[in-house]
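Secondary and tertiary structure notes
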Amino acid sequence: MSQDVMEEKDQRTTREREPLREQPRVQQSPRKPERSSLFLVLVVVAVLLLVVGGVTLLMRRSQYKALAKETETLAVPTVSVVHPIAESDSEDLVLPSTLQAYVESPIYARTNGYLKKWYHDIGSRVTKGQLLADIDTPEIAQELAQSRAELGTAQANQNLSQITASRFEGLLKTDSVSKQEVDNASGDLAAKKANTLSAEANVRRLQETESFRHIYAPFSGVITRRNVDIGNLINAGNGGSAQLLFTLAQTDPIRVFVNVPEVYAPAIHQGLGAYLELQQFPGQKFYGKVARTADSIDLNTRTLLTEVDVPNKAGQLLPGGYAQVHVEVKVNGSRLEVPVNALLFRSEGLRAVIIDDNHKTHLQPLMIGRDYGTTLEVLQGLKPTDWIVINPADSLDEGVQVNVKQIAQPPAPAPASTGTGGSSGQGNATNDGTRPPSGTPAANPSGNNNNGQSAPKNQ
(Lines give C-alpha, C1' and ligand atoms only; values in the text may rest on other atoms or scores of the structure.)
Protein backbone atom coordinates (compact mmCIF):
# COMPACT_ATOMS: atom_id res chain seq x y z
CA MET A 1 0.00 0.00 0.00
CA SER A 2 2.80 2.31 0.73
CA GLN A 3 4.04 1.75 -2.72
CA ASP A 4 0.71 2.73 -4.18
CA VAL A 5 0.67 5.81 -2.10
CA MET A 6 4.10 6.71 -3.30
CA GLU A 7 3.12 6.27 -6.92
CA GLU A 8 0.01 8.29 -6.40
CA LYS A 9 2.09 11.10 -4.88
CA ASP A 10 4.50 10.94 -7.78
CA GLN A 11 1.66 11.19 -10.27
CA ARG A 12 0.12 14.04 -8.34
CA THR A 13 3.42 15.80 -8.25
CA THR A 14 3.80 15.25 -11.96
CA ARG A 15 0.35 16.67 -12.67
CA GLU A 16 1.10 19.67 -10.49
CA ARG A 17 4.33 20.39 -12.32
CA GLU A 18 2.95 20.12 -15.82
CA PRO A 19 0.71 23.22 -15.61
CA LEU A 20 3.64 25.15 -14.24
CA ARG A 21 5.66 24.29 -17.32
CA GLU A 22 2.88 25.24 -19.71
CA GLN A 23 2.09 28.54 -18.00
CA PRO A 24 5.12 30.47 -19.43
CA ARG A 25 4.16 29.31 -22.90
CA VAL A 26 0.74 30.81 -22.52
CA GLN A 27 2.21 34.20 -21.25
CA GLN A 28 4.97 34.50 -23.92
CA SER A 29 2.65 34.15 -26.92
CA PRO A 30 1.05 37.72 -26.74
CA ARG A 31 4.42 39.58 -26.18
CA LYS A 32 5.77 38.90 -29.66
CA PRO A 33 3.07 41.00 -31.50
CA GLU A 34 3.59 43.94 -29.09
CA ARG A 35 7.31 44.12 -29.92
CA SER A 36 6.56 43.95 -33.65
CA SER A 37 4.04 46.81 -33.41
CA LEU A 38 6.49 49.01 -31.51
CA PHE A 39 9.19 48.36 -34.07
CA LEU A 40 6.75 49.13 -36.88
CA VAL A 41 5.75 52.44 -35.21
CA LEU A 42 9.38 53.43 -34.80
CA VAL A 43 10.06 52.69 -38.45
CA VAL A 44 7.04 54.71 -39.56
CA VAL A 45 8.09 57.68 -37.37
CA ALA A 46 11.58 57.54 -38.78
CA VAL A 47 10.25 57.46 -42.33
CA LEU A 48 7.93 60.38 -41.59
CA LEU A 49 10.80 62.36 -40.12
CA LEU A 50 12.88 61.67 -43.19
CA VAL A 51 10.02 62.71 -45.48
CA VAL A 52 9.33 65.94 -43.51
CA GLY A 53 13.03 66.76 -43.46
CA GLY A 54 13.29 66.19 -47.19
CA VAL A 55 10.23 68.31 -47.89
CA THR A 56 11.57 71.06 -45.63
CA LEU A 57 14.91 71.03 -47.40
CA LEU A 58 13.18 71.16 -50.78
CA MET A 59 10.98 74.07 -49.64
CA ARG A 60 13.96 75.96 -48.27
CA ARG A 61 15.86 75.37 -51.47
CA SER A 62 12.89 76.59 -53.53
CA GLN A 63 12.52 79.67 -51.32
CA TYR A 64 16.24 80.35 -51.61
CA LYS A 65 16.05 80.14 -55.39
CA ALA A 66 12.98 82.43 -55.45
CA LEU A 67 14.69 84.93 -53.16
CA ALA A 68 17.82 84.87 -55.27
CA LYS A 69 15.75 85.37 -58.42
CA GLU A 70 13.78 88.23 -56.84
CA THR A 71 16.99 89.84 -55.59
CA GLU A 72 18.48 89.56 -59.05
CA THR A 73 15.32 91.05 -60.56
CA LEU A 74 15.21 93.93 -58.09
CA ALA A 75 18.86 94.67 -58.76
CA VAL A 76 17.87 95.72 -62.28
CA PRO A 77 16.03 99.12 -62.10
CA THR A 78 12.62 99.52 -63.73
CA VAL A 79 11.99 102.66 -65.76
CA SER A 80 8.86 104.13 -67.35
CA VAL A 81 9.07 104.90 -71.07
CA VAL A 82 7.00 106.82 -73.62
CA HIS A 83 7.28 107.84 -77.25
CA PRO A 84 7.99 111.48 -78.20
CA ILE A 85 4.85 113.28 -79.38
CA ALA A 86 4.81 114.50 -82.98
CA GLU A 87 3.73 118.13 -83.46
CA SER A 88 1.48 119.47 -86.17
CA ASP A 89 3.09 119.74 -89.60
CA SER A 90 2.19 123.43 -89.99
CA GLU A 91 1.41 125.96 -87.28
CA ASP A 92 2.26 129.43 -86.03
CA LEU A 93 5.29 130.01 -83.85
CA VAL A 94 3.83 130.04 -80.32
CA LEU A 95 5.96 131.39 -77.47
CA PRO A 96 5.21 132.23 -73.82
CA SER A 97 5.68 135.77 -72.60
CA THR A 98 4.78 138.31 -69.91
CA LEU A 99 2.94 141.55 -70.64
CA GLN A 100 4.86 144.73 -69.90
CA ALA A 101 3.87 148.38 -69.88
CA TYR A 102 5.14 150.35 -72.86
CA VAL A 103 6.62 152.91 -70.45
CA GLU A 104 6.90 152.37 -66.70
CA SER A 105 8.58 154.88 -64.42
CA PRO A 106 9.09 155.10 -60.66
CA ILE A 107 8.58 158.67 -59.41
CA TYR A 108 10.86 160.04 -56.66
CA ALA A 109 11.09 163.43 -54.97
CA ARG A 110 13.75 166.00 -55.93
CA THR A 111 13.42 168.03 -52.74
CA ASN A 112 13.21 167.43 -48.99
CA GLY A 113 10.11 168.03 -46.93
CA TYR A 114 6.84 166.48 -45.79
CA LEU A 115 4.04 165.19 -48.00
CA LYS A 116 1.33 167.80 -47.86
CA LYS A 117 -1.27 166.11 -50.07
CA TRP A 118 -1.64 163.44 -52.75
CA TYR A 119 -4.29 163.66 -55.46
CA HIS A 120 -4.35 160.27 -57.22
CA ASP A 121 -4.38 156.71 -55.91
CA ILE A 122 -3.60 153.37 -57.60
CA GLY A 123 -5.67 152.68 -60.68
CA SER A 124 -6.12 156.37 -61.48
CA ARG A 125 -5.53 157.30 -65.10
CA VAL A 126 -3.69 160.59 -65.41
CA THR A 127 -2.52 162.74 -68.30
CA LYS A 128 0.90 164.22 -68.88
CA GLY A 129 1.57 167.23 -66.59
CA GLN A 130 -1.26 166.43 -64.17
CA LEU A 131 -0.53 167.19 -60.50
CA LEU A 132 0.01 164.07 -58.41
CA ALA A 133 1.10 165.40 -54.99
CA ASP A 134 2.38 168.44 -53.06
CA ILE A 135 5.36 168.52 -50.70
CA ASP A 136 5.72 171.09 -47.92
CA THR A 137 9.31 172.47 -48.11
CA PRO A 138 9.81 175.19 -45.44
CA GLU A 139 13.60 174.94 -45.47
CA ILE A 140 13.79 175.46 -49.21
CA ALA A 141 11.51 178.52 -48.88
CA GLN A 142 13.82 180.06 -46.32
CA GLU A 143 16.89 179.36 -48.42
CA LEU A 144 15.18 180.94 -51.42
CA ALA A 145 14.36 184.09 -49.42
CA GLN A 146 17.94 184.29 -48.24
CA SER A 147 19.33 183.85 -51.74
CA ARG A 148 17.04 186.59 -53.04
CA ALA A 149 18.30 188.95 -50.34
CA GLU A 150 21.88 188.10 -51.28
CA LEU A 151 21.01 188.80 -54.90
CA GLY A 152 19.72 192.26 -53.91
CA THR A 153 22.94 192.98 -52.04
CA ALA A 154 25.01 191.89 -55.03
CA GLN A 155 22.96 194.05 -57.38
CA ALA A 156 23.36 197.10 -55.07
CA ASN A 157 27.11 196.59 -54.88
CA GLN A 158 27.24 196.25 -58.66
CA ASN A 159 25.34 199.55 -59.10
CA LEU A 160 27.72 201.34 -56.74
CA SER A 161 30.71 199.90 -58.57
CA GLN A 162 29.17 200.95 -61.90
CA ILE A 163 28.76 204.55 -60.70
CA THR A 164 32.29 204.64 -59.26
CA ALA A 165 33.84 203.29 -62.45
CA SER A 166 31.92 205.80 -64.60
CA ARG A 167 33.08 208.73 -62.46
CA PHE A 168 36.67 207.64 -62.53
CA GLU A 169 36.60 207.36 -66.31
CA GLY A 170 35.28 210.95 -66.52
CA LEU A 171 37.93 212.23 -64.13
CA LEU A 172 40.64 210.47 -66.10
CA LYS A 173 39.96 212.76 -69.06
CA THR A 174 40.94 215.76 -66.93
CA ASP A 175 43.83 213.94 -65.30
CA SER A 176 42.07 214.25 -61.93
CA VAL A 177 42.71 210.57 -61.14
CA SER A 178 45.43 208.19 -62.10
CA LYS A 179 45.10 205.37 -64.60
CA GLN A 180 45.59 202.87 -61.78
CA GLU A 181 42.56 204.12 -59.88
CA VAL A 182 40.44 203.81 -63.03
CA ASP A 183 41.63 200.21 -63.54
CA ASN A 184 40.86 199.38 -59.89
CA ALA A 185 37.34 200.72 -60.27
CA SER A 186 36.78 198.76 -63.50
CA GLY A 187 38.06 195.57 -61.86
CA ASP A 188 35.80 196.06 -58.86
CA LEU A 189 32.83 196.52 -61.21
CA ALA A 190 33.63 193.23 -63.01
CA ALA A 191 33.86 191.40 -59.68
CA LYS A 192 30.52 192.82 -58.54
CA LYS A 193 28.90 191.73 -61.82
CA ALA A 194 30.22 188.19 -61.27
CA ASN A 195 28.80 188.19 -57.72
CA THR A 196 25.46 189.28 -59.11
CA LEU A 197 25.45 186.51 -61.69
CA SER A 198 26.31 183.94 -58.99
CA ALA A 199 23.50 185.18 -56.76
CA GLU A 200 21.04 185.03 -59.68
CA ALA A 201 22.11 181.47 -60.46
CA ASN A 202 21.63 180.50 -56.83
CA VAL A 203 18.15 182.03 -56.81
CA ARG A 204 17.22 180.11 -59.98
CA ARG A 205 18.54 176.85 -58.47
CA LEU A 206 16.45 177.27 -55.35
CA GLN A 207 13.43 178.24 -57.41
CA GLU A 208 13.80 175.04 -59.43
CA THR A 209 14.24 173.04 -56.23
CA GLU A 210 11.15 174.64 -54.72
CA SER A 211 9.18 173.86 -57.88
CA PHE A 212 9.82 170.15 -57.22
CA ARG A 213 7.45 170.38 -54.27
CA HIS A 214 4.78 169.82 -56.92
CA ILE A 215 4.88 166.25 -58.32
CA TYR A 216 3.59 166.09 -61.91
CA ALA A 217 2.95 163.10 -64.16
CA PRO A 218 5.78 162.82 -66.73
CA PHE A 219 3.50 161.06 -69.24
CA SER A 220 -0.06 159.82 -69.58
CA GLY A 221 -0.75 156.50 -67.92
CA VAL A 222 -2.14 154.74 -64.88
CA ILE A 223 -0.91 154.88 -61.28
CA THR A 224 0.12 151.32 -60.41
CA ARG A 225 1.65 152.06 -57.01
CA ARG A 226 1.43 154.72 -54.27
CA ASN A 227 4.00 154.38 -51.53
CA VAL A 228 3.45 157.52 -49.40
CA ASP A 229 0.75 159.16 -47.33
CA ILE A 230 0.13 162.61 -45.86
CA GLY A 231 2.77 163.63 -43.32
CA ASN A 232 5.48 161.24 -44.51
CA LEU A 233 9.02 162.60 -44.45
CA ILE A 234 10.27 162.95 -48.01
CA ASN A 235 13.98 162.85 -48.88
CA ALA A 236 15.35 163.86 -52.24
CA GLY A 237 16.77 161.17 -54.50
CA ASN A 238 16.02 157.54 -55.34
CA GLY A 239 17.22 156.05 -52.08
CA GLY A 240 15.48 152.70 -52.54
CA SER A 241 11.87 151.60 -52.39
CA ALA A 242 11.30 153.50 -49.12
CA GLN A 243 11.68 156.81 -51.01
CA LEU A 244 9.44 155.77 -53.92
CA LEU A 245 6.38 158.05 -54.21
CA PHE A 246 4.45 156.64 -57.18
CA THR A 247 4.83 154.20 -60.06
CA LEU A 248 3.32 155.34 -63.35
CA ALA A 249 2.78 152.99 -66.30
CA GLN A 250 1.70 153.62 -69.88
CA THR A 251 -0.35 150.60 -70.98
CA ASP A 252 -1.44 151.68 -74.47
CA PRO A 253 0.13 150.15 -76.42
CA ILE A 254 1.37 147.25 -74.32
CA ARG A 255 4.48 145.34 -75.22
CA VAL A 256 5.66 141.77 -74.85
CA PHE A 257 9.16 140.39 -75.23
CA VAL A 258 9.64 136.86 -76.58
CA ASN A 259 12.77 134.78 -77.05
CA VAL A 260 12.61 133.30 -80.54
CA PRO A 261 14.77 130.17 -81.04
CA GLU A 262 17.76 130.72 -83.27
CA VAL A 263 16.45 128.35 -85.93
CA TYR A 264 13.43 130.64 -86.53
CA ALA A 265 15.34 133.94 -86.24
CA PRO A 266 15.72 134.55 -90.03
CA ALA A 267 11.92 134.64 -90.44
CA ILE A 268 11.41 137.38 -87.81
CA HIS A 269 11.35 140.98 -89.06
CA GLN A 270 9.80 144.33 -88.21
CA GLY A 271 6.11 144.58 -89.08
CA LEU A 272 5.47 140.82 -88.93
CA GLY A 273 1.96 140.04 -87.71
CA ALA A 274 1.36 138.55 -84.27
CA TYR A 275 -1.44 138.16 -81.74
CA LEU A 276 -1.86 137.33 -78.05
CA GLU A 277 -4.03 134.73 -76.36
CA LEU A 278 -4.81 134.92 -72.64
CA GLN A 279 -6.55 132.34 -70.46
CA GLN A 280 -8.84 134.97 -68.93
CA PHE A 281 -10.13 135.86 -72.42
CA PRO A 282 -10.84 132.47 -74.04
CA GLY A 283 -11.33 132.62 -77.79
CA GLN A 284 -10.27 136.29 -77.99
CA LYS A 285 -7.19 137.40 -79.89
CA PHE A 286 -5.31 140.67 -79.44
CA TYR A 287 -3.52 141.54 -82.66
CA GLY A 288 -0.28 143.46 -82.92
CA LYS A 289 2.99 143.54 -84.84
CA VAL A 290 6.66 142.90 -84.31
CA ALA A 291 8.08 146.30 -83.40
CA ARG A 292 11.80 145.48 -83.26
CA THR A 293 14.33 142.76 -82.61
CA ALA A 294 17.69 142.75 -80.91
CA ASP A 295 19.42 141.70 -84.16
CA SER A 296 21.67 139.56 -82.00
CA ILE A 297 21.53 135.98 -80.71
CA ASP A 298 21.81 135.60 -76.95
CA LEU A 299 24.82 133.36 -76.24
CA ASN A 300 23.25 131.87 -73.11
CA THR A 301 19.82 130.93 -74.51
CA ARG A 302 20.56 130.89 -78.27
CA THR A 303 17.45 132.98 -78.88
CA LEU A 304 16.57 136.27 -80.57
CA LEU A 305 14.95 138.86 -78.29
CA THR A 306 11.86 140.20 -80.09
CA GLU A 307 9.38 142.92 -79.07
CA VAL A 308 5.71 142.74 -80.07
CA ASP A 309 3.51 145.84 -79.55
CA VAL A 310 -0.25 145.38 -79.14
CA PRO A 311 -2.85 148.22 -78.98
CA ASN A 312 -4.66 148.35 -75.63
CA LYS A 313 -7.14 151.20 -75.82
CA ALA A 314 -9.74 149.35 -73.71
CA GLY A 315 -7.18 148.56 -71.02
CA GLN A 316 -7.98 144.84 -70.99
CA LEU A 317 -4.33 143.83 -71.06
CA LEU A 318 -2.63 144.37 -67.72
CA PRO A 319 1.13 144.58 -67.16
CA GLY A 320 2.55 141.47 -65.58
CA GLY A 321 -0.03 139.12 -67.11
CA TYR A 322 0.93 135.85 -68.81
CA ALA A 323 0.17 135.45 -72.52
CA GLN A 324 0.83 133.10 -75.39
CA VAL A 325 2.32 135.01 -78.33
CA HIS A 326 1.48 133.66 -81.78
CA VAL A 327 3.97 134.98 -84.32
CA GLU A 328 2.55 134.46 -87.81
CA VAL A 329 5.51 132.51 -89.11
CA LYS A 330 4.52 129.16 -90.56
CA VAL A 331 6.63 126.47 -88.93
CA ASN A 332 6.92 123.47 -91.26
CA GLY A 333 8.69 120.18 -90.90
CA SER A 334 8.72 117.25 -88.49
CA ARG A 335 9.09 118.28 -84.86
CA LEU A 336 8.71 116.33 -81.63
CA GLU A 337 7.69 117.17 -78.08
CA VAL A 338 8.94 115.55 -74.90
CA PRO A 339 7.83 116.07 -71.28
CA VAL A 340 10.08 118.30 -69.22
CA ASN A 341 10.53 115.47 -66.69
CA ALA A 342 12.23 113.34 -69.38
CA LEU A 343 15.40 115.48 -69.45
CA LEU A 344 18.70 115.09 -67.66
CA PHE A 345 20.82 118.16 -67.01
CA ARG A 346 24.44 117.07 -67.13
CA SER A 347 27.66 119.06 -67.22
CA GLU A 348 28.14 118.07 -70.85
CA GLY A 349 24.68 119.39 -71.79
CA LEU A 350 21.01 118.42 -72.01
CA ARG A 351 20.36 114.70 -72.39
CA ALA A 352 17.44 112.26 -72.76
CA VAL A 353 17.69 108.59 -71.72
CA ILE A 354 16.76 106.28 -74.63
CA ILE A 355 16.17 102.53 -74.22
CA ASP A 356 17.46 100.28 -77.01
CA ASP A 357 16.22 96.82 -78.02
CA ASN A 358 18.55 95.17 -75.49
CA HIS A 359 17.03 97.11 -72.58
CA LYS A 360 20.14 99.23 -72.16
CA THR A 361 20.25 102.97 -71.65
CA HIS A 362 21.75 105.53 -74.00
CA LEU A 363 22.22 109.21 -73.12
CA GLN A 364 21.12 111.11 -76.23
CA PRO A 365 22.08 114.82 -76.70
CA LEU A 366 19.15 117.08 -77.64
CA MET A 367 18.62 120.43 -79.34
CA ILE A 368 15.66 122.16 -77.72
CA GLY A 369 13.32 124.57 -79.51
CA ARG A 370 10.24 126.10 -77.91
CA ASP A 371 9.27 125.76 -74.26
CA TYR A 372 5.57 124.94 -73.76
CA GLY A 373 5.75 124.77 -69.96
CA THR A 374 5.06 121.06 -69.38
CA THR A 375 6.66 119.95 -72.66
CA LEU A 376 9.59 121.04 -74.77
CA GLU A 377 10.06 121.03 -78.52
CA VAL A 378 12.96 118.87 -79.72
CA LEU A 379 14.58 119.98 -82.95
CA GLN A 380 17.32 117.37 -83.15
CA GLY A 381 18.31 114.18 -81.35
CA LEU A 382 15.12 112.04 -81.28
CA LYS A 383 12.97 109.96 -83.62
CA PRO A 384 9.24 109.23 -83.23
CA THR A 385 10.01 105.54 -82.65
CA ASP A 386 12.45 106.15 -79.76
CA TRP A 387 11.50 105.13 -76.23
CA ILE A 388 12.52 107.76 -73.70
CA VAL A 389 12.61 107.40 -69.91
CA ILE A 390 10.28 109.50 -67.76
CA ASN A 391 11.74 110.86 -64.50
CA PRO A 392 15.20 109.33 -65.08
CA ALA A 393 17.34 108.88 -61.99
CA ASP A 394 20.63 110.75 -61.79
CA SER A 395 22.37 107.39 -61.31
CA LEU A 396 21.43 106.25 -64.83
CA ASP A 397 24.46 106.18 -67.07
CA GLU A 398 25.39 104.90 -70.50
CA GLY A 399 24.78 101.17 -71.06
CA VAL A 400 22.85 100.42 -67.83
CA GLN A 401 20.61 97.30 -67.99
CA VAL A 402 17.02 98.15 -67.03
CA ASN A 403 13.49 96.78 -67.05
CA VAL A 404 11.04 98.94 -68.99
CA LYS A 405 7.40 99.78 -68.38
CA GLN A 406 5.27 101.67 -70.87
CA ILE A 407 2.93 104.35 -69.51
CA ALA A 408 -0.11 106.02 -71.03
CA GLN A 409 0.27 108.97 -73.40
CA PRO A 410 -2.30 111.69 -74.19
CA PRO A 411 -4.39 111.27 -77.35
CA ALA A 412 -3.41 113.15 -80.48
CA PRO A 413 -5.13 116.57 -80.72
CA ALA A 414 -6.69 117.80 -83.94
CA PRO A 415 -4.11 119.53 -86.19
CA ALA A 416 -4.19 123.33 -86.14
CA SER A 417 -5.72 125.02 -89.16
CA THR A 418 -3.47 127.12 -91.35
CA GLY A 419 -3.36 130.76 -90.37
CA THR A 420 -4.88 130.37 -86.93
CA GLY A 421 -1.89 128.86 -85.21
CA GLY A 422 -1.65 125.91 -82.89
CA SER A 423 -1.91 126.26 -79.16
CA SER A 424 1.27 125.80 -77.22
CA GLY A 425 2.19 122.56 -75.61
CA GLN A 426 0.08 120.42 -77.96
CA GLY A 427 1.06 117.99 -80.69
CA ASN A 428 -0.05 114.87 -82.49
CA ALA A 429 0.71 111.60 -80.77
CA THR A 430 2.61 109.12 -82.87
CA ASN A 431 0.55 106.35 -84.45
CA ASP A 432 3.08 104.59 -86.59
CA GLY A 433 2.48 101.04 -85.43
CA THR A 434 5.77 100.85 -83.57
CA ARG A 435 6.21 98.61 -80.56
CA PRO A 436 8.23 99.08 -77.41
CA PRO A 437 11.52 97.23 -77.03
CA SER A 438 11.28 93.48 -76.60
CA GLY A 439 10.34 92.60 -73.04
CA THR A 440 8.43 95.80 -72.31
CA PRO A 441 5.34 95.27 -70.10
CA ALA A 442 2.15 97.21 -70.74
CA ALA A 443 1.36 99.53 -67.82
CA ASN A 444 -1.39 101.66 -69.31
CA PRO A 445 -4.21 102.34 -66.84
CA SER A 446 -6.71 102.43 -69.68
CA GLY A 447 -5.48 99.16 -71.10
CA ASN A 448 -4.36 100.71 -74.42
CA ASN A 449 -1.06 102.20 -75.40
CA ASN A 450 -0.57 105.07 -77.78
CA ASN A 451 -0.55 102.87 -80.85
CA GLY A 452 -3.28 100.45 -79.86
CA GLN A 453 -0.91 97.48 -79.39
CA SER A 454 -0.12 95.57 -76.23
CA ALA A 455 3.51 95.42 -75.23
CA PRO A 456 5.03 91.98 -74.55
CA LYS A 457 5.83 91.10 -70.96
CA ASN A 458 9.28 90.69 -69.52
CA GLN A 459 10.76 87.30 -70.04
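These remarks concern the structure in this document. (Residues numbered from 1 in each chain as written. Predicted model: local features only at pLDDT ≥ 70, side-chain atom pairs only at ≥ 80, totals over all residues. Heavy atoms only, no water.)

1. Section: the side chain of Glu307
Here Glu307 lies in strand S13 (residues 303-310). Within the local environment of Glu307, its side chain forms a polar contact with the side chain of Arg255, the two groups lying 3.5 Å apart. (Helix = DSSP H or I, 4+ residues; strand = E, 2+ residues; numbered from the N terminus. Polar contact = N/O pair within 3.5 Å; in protein donor to acceptor, adjacent residues only side chain to side chain.)

2. What about the packing of aromatic side chains?
Inspection of the entire model under this criterion finds 2 aromatic pairs. Summarising the aromatic geometry, the rings of Tyr275 and Tyr287 are spaced 5.3 Å apart at their centres and angled 45° between planes, so their arrangement reads as tilted. Of this pair, Tyr275 sits in strand S11 (residues 273-277) while Tyr287 sits in strand S12 (residues 286-297), and the two are 12 residues apart along the sequence. In this structure Tyr275 comes out as buried when scored by relative accessible area, which is 1%. Ring centres of Phe281 and Phe286 lie 5.6 Å apart, and the angle between their planes is 70°; on these two criteria the pair is classed as edge-to-face. (Phe/Tyr/Trp six-rings, centres within 6.5 Å; stacked < 30°, edge-to-face > 60°. Buried < 20%, exposed > 50% of the residue type's maximum accessible area, 1.4 Å probe, protein only.)

3. Structural notes on the sheet that holds strand S6 (residues 131-136)
Read from one edge of the open sheet, 4 strands run S7-S6-S4-S9, paired in antiparallel fashion. Taken across any chain shown, the strands that pair with only one partner, and hence form the sheet edges, are strand S7 (214-216) and strand S9 (233-234). Across 2 bridges, strand S4 (residues 113-118) lies against S9 in antiparallel orientation. Bridged to Tyr114 within S9 is Leu233. (Pairing = 2+ DSSP bridges.)

4. Things to note about the nonpolar core
Counting residues in each nonpolar core, the largest one holds 24 residues, and the members touching the most others are Leu99, Val260, Ile268, Leu276 and Leu317. Counting residues per element, the ones that place at least two in this core are strand S3 (90-107), strand S10 (246-261), S11, S12, S13 and strand S14 (322-332). Beyond its immediate sequence surroundings of up to four residues, Leu276 is in contact with Leu99, Val256, Gln284, Lys285, Phe286, Val310, Leu317, Gln324 and Val325. Leu115, Ala133, Ile223 and Ile234 belong to the second largest nonpolar core, which has 16 residues in total. (Core = buried A, V, L, I, M, F, W, Y, C linked by side-chain atoms within 4.5 Å. Contact = heavy atoms within 4.5 Å.)

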